[in-house]
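# Fold and geometry: a report
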Amino acid sequence: MARVTGIGGVFIKARGDAKALAEWYRDHLGLELTDFGGAILNWQQDQAEDGGLTVWGTADPDGTWFDPSTAGFMINYRVDDMDGMLKQLAVSAIPILQGPESHENGRFAWIMDPESNKVELWEPKLWDEKNKG
């Protein structure tokens, strides 16, 4: 049977100015925009100890994981330095909704983009109960 082997792209339909939204991600999350206006995330350059995996899952319709966003999706972005990312966001007065939290598989924090999409930030670690804290 043929199967999915990874995420080939993430695309957000802007509710307002698509270029301004892309620039927000560039300016605040460090996505390097290319000539076509999007970014290419190259897992081979990722230095995290987990080898660059991507997680896929579904959420219960009555759950609160995506709150306060009303979007039907949430994108998890891998980050190489959670503390540095949070300082960078603080300088730009972007509020941290929650976190940072330490879990078995790394550190997490959550923010909202300018179109009220909840964004999950993840600094990956190898799965280990000792990562909790």
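Residues numbered from 1 in each chain as written. Predicted model: local features only at pLDDT ≥ 70, side-chain atom pairs only at ≥ 80, totals over all residues. Heavy atoms only, no water.

### A look at the pattern of salt bridges
All told, the structure shown has seven salt bridges when counted by the stated rule. Across the salt bridge formed by Asp83 and Arg107, the nearest N and O atoms sit 3.0 Å from each other. On the criterion of sequence distance, the pair formed by Asp83 in helix H2 (residues 82-91) and Arg107 in strand E3 (residues 106-112) is long-range, its members being 24 residues apart. Two residues, Arg107 and Glu123, come together in a salt bridge whose shortest N-O distance is 3.4 Å. Here the residue Arg107 occupies a position in strand E3, and Glu123 occupies one in strand E4 (residues 118-124), the gap between them amounting to 16 residues. For the pair formed by Arg107 and Glu123, the shared burial category is buried. (Salt bridge = Lys/Arg side-chain N within 4 Å of Asp/Glu carboxyl O. Helix = DSSP H or I, 4+ residues; strand = E, 2+ residues; numbered from the N terminus. Buried < 20%, exposed > 50% of the residue type's maximum accessible area, 1.4 Å probe, protein only.)

### Notes on the layout of surface pockets
Summary: where empty space remains is shown by rolling a probe the size of a single water molecule over the atoms. Roughly 1,600 Å³ of volume is contained in the largest pocket. Around the largest pocket, the lining comprises 46 residues; the ones closest to its centre are Gly9, Val10, Ile75, Asn76 and Tyr77. Elements that contribute at least two residues to the lining of the largest pocket include exactly helix H1 (18-29), strand E1 (75-78), strand E2 (98-103), E3 and E4. Tallied by class, residues from the lining of the largest pocket come to 29 nonpolar, 13 polar and four charged. (1 Å grid on protein atoms, 1.4 Å probe; cavity = no way out; pocket = protein on both sides within 12 Å on 5 of 7 lines; lining within 4 Å. Points joined across faces, edges and corners; volume = space filled by probe spheres on them. Nonpolar A, V, L, I, M, F, W, Y, C, P; charged D, E, K, R; others polar.)

### Examining the sheet that holds E3
Backbone hydrogen bonds hold the strands of a sheet together, and the pairing may be parallel or antiparallel. The strand order E1-E4-E3-E2 describes an open sheet built from four strands, whose pairing is mixed. In this open sheet, the two edge strands, each paired with only one partner strand, are E1 and E2. Within the sheet, the average angular offset between the axes of one strand and its neighbour, ignoring direction, is 25°. In the packing of H2 onto the sheet, the strands contacted are E2, E3 and E4, and the crossing angle to E3 comes to about 15°. (Pairing = 2+ DSSP bridges. Axes fitted to C-alpha atoms, helices over the stretch in contact; angles between N-to-C directions. Contact = heavy atoms within 4.5 Å.)

### Remarks on H2
Among all positions of H2, only Met82, Met85, Leu86 and Leu89 are buried. Projected down its long axis, H2 carries its buried residues within an arc of 95°, all on one side. Opposite the packed face of H2, turned more than 90 degrees from it, sit the exposed residues Lys87 and Val91. The secondary structure elements touched by the buried residues of H2 are H1, E2, E3 and E4. Sitting at the amino-terminal end of H2 is Asp81, which places a side-chain oxygen 3.4 Å from the backbone nitrogen of Asp83. Of the residues trailing H2, Ala93 is marked for its positive phi of about 60°. (Arc of directions from axis to C-beta. Polar contact = N/O pair within 3.5 Å; in protein donor to acceptor, adjacent residues only side chain to side chain.)

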